[in-house]
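# A closer look at the structure
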Amino acid sequence: MPEYGPFEMIAYTGSRVLEDESIVFVGTGLPIIAAMHAQLTHAPSLNMIFEAGSVAAILEQGMPLSVGDTRAFRKACFAKGLCGAFELTQRGYADYAFIGGAQVDMFGNICSTYEGGTYSKPRVRFPGSGGAGAMAANCEKTIAIMALEARRFVPKVEFITSIGFGDGSPEYREKAGVMGSGPYRVITNQALFGFDEKTRRMTLLEVLPGKTAADIQELVSFELIISPDLKDMREPSEEDLALLRNVCDPDGYFLKRKVAK
Amino acid sequence: MTEKAASYVKKVSSLSIDEIKKKEERTFQYWGPTPDEARKAAVAKKKGLHDKRTTIKEAVAKYVKDGINLGIGGFVNTRVPVAIIHEIVRQGARDLTLSFQSNSICCELLAGAMIVNPNHVSIKRVELAWWGYEVIGIAPLLRYLAGNSMIQLDDYTNYGMSARFKAGAMGIPFIPTRDHGGSDMELVNRGRMIECPFTKKNVYLVSACHPDVGIVHVPAADKYGNARIFGALCTCPEIAQAASHTIMTTEQIIPTESIRQYPNLTEIPWVCVDALIEQPFGGYPGAVYGYYWFDMPEFLSFRSICDEFRKTGNKDKLKEWYDKYIFGCETFDDFMATRPYSKIKQLRQMDQGQPIIV
């Protein structure tokens, strides 16, 4: 197999998860790259929503560096503002939310508001929800990209910025007044997670070839459900890597970053 | 449905009970004009088509006062009203409430001014969804001000803030949204969960947001303030229509004949605009679709000065930057004159000629 970096594996796995004939609401960075790769391979009829208001752009000027980048509006079919993008989503026209975060718990609740301290006096204040909270609420399925570290896969997040399954009770999301069905996949460079239908708990679906379920559990601070059908993650081919490196993110803004130790 | 769905009841996150109590003990207040006050401001305006052109200096002196709610247009690094922010910093404004969905340089510029001299510029509180630079990094001065409890934050999603401006623009006191519920924003922000009288299911209400002054930068407008926007509308039409007063900068003034020929292209009608200034590069270092791309090195350089202050507590370089580029300039044109033509040309080229209709 060809050599690949951790972010290339995440982008490739993200691409695999996205189905054709659907609409993905993308966050900045790897989600855009994953969606571009999917469009170029198995999902030519996949379209992207950018929260600044662009729907179904043709990214011929290259990867937008942010979701408000003017390049995200190139040859779009529909270009309005945030209200336009989120109302279409709230109405039910966005299949996937593709977001990131700093912490996630076993029910897929995500924190991206602060780390340490309190809400009023945070040790590290992050930018805030941005679109993520609304995407996790109202896109049909939520896909999250996270770094696989014990301090990020936590028993309790410090603050729920993006709703998952709450406490895991079947009626939590309905009571919350949100529309989407909730967490669907969590993608890391060493494992792909889904959620158990019955308990709504995070479930290990796939591991990086060479890794075991125990290896992954060690990096997660809550007890995982291990799929009885545990598979190896598919690795990107030479062609996939060529697309990712030469077409999707040729300047390596996101794919060439180093993983923090 | 139960009144409360959120994680307080369910104890999902580690948000402390003290933080939750703050919301419960607080009576709701609009952080700016109430819907009735905003309505009065609209009714009081002369509605004729009048030439609104002025200078940024005069517009800021007339409308930006201590204690106001300042609604900031654009989105992160796109079509951000930087020229107006520079003038606000120059003239000074204290105890500001900021309202926006997502922004980068505008709020960092105000935050930096507050750090340099809090008697000249200060932010009291912020109703927001997101404050950062996206690919460039998190905002050092937000981190500093929030970490030291120097500003009060009220967190919503990007849709939440946009919907709040939309409610303001619609002249309604609140709007139901399908987000915030079940997240900790439900427990800390000023919205509230109700049972829908029709479906009998829970739905989250957020209050209208009416800035005292909305500031927007648009690609094109006629002299009356009828504005055309290309690329992302962001939430500029809603902010302009919700605000008691709107200051608008535009890349260029276009003939009213063009506006009247394609009225569907007008995103902000003249009647919502109080002051208009033709200010090319008014969104710099942000991007304006059809005109210029964003200046990544400029963002990086300003951010690194801010981050150095955050790490060391030494204000010297920050103060130097403000002295040179804001207080040392009479106008935004003077500031732009410090940027080489080669850079301007490159940013124009990097836009790659996004198609616009003027």
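Residues numbered from 1 in each chain as written. Chains lettered and ligands numbered in written order. Predicted model: local features only at pLDDT ≥ 70, side-chain atom pairs only at ≥ 80, totals over all residues. Heavy atoms only, no water.

### Focus: the overall build of chain A
If you tally the helices and strands in chain A, you get 7 helices and 14 strands. For 261 residues, the compact-globule estimate of 2.2 N^0.38 gives 18 Å, and chain A sits close to it at 17 Å. Dimensions of chain A, computed from C-alpha atoms along their principal axes, come out at roughly 45 × 45 × 35 Å. Counting all 261 residues of chain A, 63% fall into the buried class. Restricting the contact set of chain A to residue pairs at least 6 apart, pairs at least 24 apart contribute 66%. Only carbon and sulfur atoms are counted for the fraction: they give 51% of the accessible area of chain A, which is about 9,600 Å². Each charge sign in chain A was given a centre, from 27 positive and 32 negative side chains, and these centres are 5 Å apart. (Helix = DSSP H or I, 4+ residues; strand = E, 2+ residues; numbered from the N terminus. Rg over C-alpha atoms; globule rule 2.2 N^0.38 Å. Buried < 20%, exposed > 50% of the residue type's maximum accessible area, 1.4 Å probe, protein only. Contact = heavy atoms within 4.5 Å. Areas by Shrake-Rupley, 256 points an atom, 1.4 Å probe, with all protein chains shown as cover. Lys, Arg positive; Asp, Glu negative; His and termini not counted. Charge placed at Lys NZ, Arg CZ, Asp CG, Glu CD.)

### Considerations on the packing of aromatic side chains
All chains considered together, the criterion is met by 23 aromatic pairs over all chains. Ring geometry for Tyr119 of chain A and Phe159 of chain A: centres 5.3 Å apart, planes at 10°, overall stacked. Residue Tyr119 of chain A is located in the loop between strand 8 (114-117) and strand 9 (122-125), and its partner Phe159 of chain A is located in the loop between strand 10 (141-145) and helix 5 (172-176); the two are separated by 40 residues in the primary sequence. Taken as a pair, Tyr119 of chain A and Phe159 of chain A share a single burial class, namely buried. Positioned over the ring face of Trp31 of chain B is Arg190 of chain B, at 4.1 Å from the centre of the ring. Between Arg339 of chain B and the ring centre of Tyr325 of chain B, over which it is positioned, the NZ or CZ distance is 4.5 Å. (Phe/Tyr/Trp six-rings, centres within 6.5 Å; stacked < 30°, edge-to-face > 60°. Lys NZ or Arg CZ within 6 Å of the ring centre and 35° of its normal.)

### Quick look at the nonpolar core
Within the largest apolar cluster, 206 residues are counted, with the highest numbers of intra-cluster contacts made by Phe193 of chain A together with Trp131, Ile247 and Ile268 of chain B. Of the residues forming this core, the biggest block, 10 residues, is contributed by helix 6 (residues 105-116) of chain B. In this structure, this core is formed jointly by two domains, domain 1 (1-18 + 174-207) and domain 2 (31-173 + 211-350) of chain B, each of which donates at least three residues. (Core = buried A, V, L, I, M, F, W, Y, C linked by side-chain atoms within 4.5 Å. Domains from an automatic or database assignment.)

### Some remarks on the interface of chain B and chain A
The interface is formed by 71 residues belonging to chain B together with 62 residues belonging to chain A. For the pair chain B and chain A, the summed buried area comes to about 5,400 Å², and 56% of that belongs to carbon and sulfur atoms. The largest share of the area that chain B buries against chain A comes from Val12, Tyr159 and Arg178 of chain B, three residues that together contribute 13% of it. Across the contact surface, chain B and chain A share 34 residue pairs in polar contact (both at pLDDT 80 or more). Only helix 1 (7-10), helix 2 (17-25), strand 5 (130-131), helix 7 (140-147), strand 6 (152-155), helix 8 (158-170) and helix 9 (185-188) of chain B provide two or more residues apiece to the side of chain B that touches chain A. The element that contributes the greatest number of residues to the side of chain B that touches chain A is helix 8 of chain B, accounting for 5 residues. The residue inventory of the side of chain B that touches chain A, partitioned by class, reads 32 nonpolar, 24 polar and 15 charged. (Buried area = accessible area lost by both parts, 1.4 Å probe. Polar contact = N/O pair within 3.5 Å; in protein donor to acceptor, adjacent residues only side chain to side chain. Nonpolar A, V, L, I, M, F, W, Y, C, P; charged D, E, K, R; others polar.)

### Considering the domain arrangement of chain B
All names here are of chain B. Parsing chain B into structural domains produces domain 1 (1-18 + 174-207) and domain 2 (31-173 + 211-350). For domain 1 and domain 2, the distance between their C-alpha centres works out to 31 Å. The interface of domain 1 with domain 2 comprises 12 residues on the first partner and 14 residues on the second. Area buried by domain 1 at its contact with domain 2 is led by Phe174, Ile175 and Arg190, which between them contribute 47% of it. Viewed at the interface, domain 2 and domain 1 are joined by 2 salt bridges. Note that Asp154 and Arg190 form a salt bridge whose closest N and O atoms lie 2.8 Å from each other. Summed over the shared surface of domain 1 and domain 2, the result is 8 residue pairs in polar contact (both at pLDDT 80 or more). Those elements giving two or more residues to the side of domain 1 that touches domain 2 turn out to be strand 7 (174-177), helix 9 and strand 9 (202-207). Among the elements that take part in the side of domain 1 that touches domain 2, strand 7 stands out by supplying 3 residues, more than any other. A per-class count over the side of domain 1 that touches domain 2 returns 5 nonpolar, 5 polar and 2 charged. (Salt bridge = Lys/Arg side-chain N within 4 Å of Asp/Glu carboxyl O.)

### A short note on the packing of helix 2 (residues 30-40) of chain A against helix 7 (residues 238-248) of chain A
All names here are of chain A. The N-to-C vectors of helix 2 and helix 7 enclose an angle of 120°; their axes lie 10 Å apart at closest approach. Comparing their axes, helix 7 and helix 2 come out oblique. The handedness of the crossing between helix 2 and helix 7 is right-handed. Together, Ile33, Met36, His37 and Leu40 of helix 2 and Asp240, Leu243, Leu244, Val247 and Cys248 of helix 7 make up the contact between the two elements. Of the residues contributing to the contact of helix 2 with helix 7, the split by class is 7 nonpolar, 1 polar and 1 charged. (Axes fitted to C-alpha atoms, helices over the stretch in contact; angles between N-to-C directions. Parallel < 35°, antiparallel > 145°, perpendicular 65-115°, else oblique. Left-handed = near helix turned anticlockwise from the far one by under 90°.)

### Here's the deal with the pattern of salt bridges
Scanning all chains against the criterion turns up 29 salt bridges over all chains. Between Asp155 of chain B and Arg125 of chain A there is a salt bridge whose closest N-O contact spans 2.7 Å. On the criterion of chain membership, the pair formed by Asp155 of chain B in strand 6 and Arg125 of chain A in strand 9 is interchain, its members lying in two chains. Residue Asp155 of chain B is classed as buried on the basis of its relative accessible area of 1%. Look at Arg125 of chain A and you get buried, because its relative accessible area is 1%.

### Looking at the side chain of Gln279 of chain B
Residues and elements named next belong to chain B. Tracing the backbone through its elements, the reader meets Gln279 in the loop between strand 14 (275-278) and helix 12 (296-312). You can call Gln279 buried: its relative accessible area is 5%. Only 2.9 Å separates the side chain of Gln279 from the side chain of Asp333, close enough to count as a polar contact. Discounting residues that sit within four places of it in the chain, Gln279 has contacts with Ile56, Ala83, His217, Thr249, Thr250, Glu251, Phe332 and Asp333.

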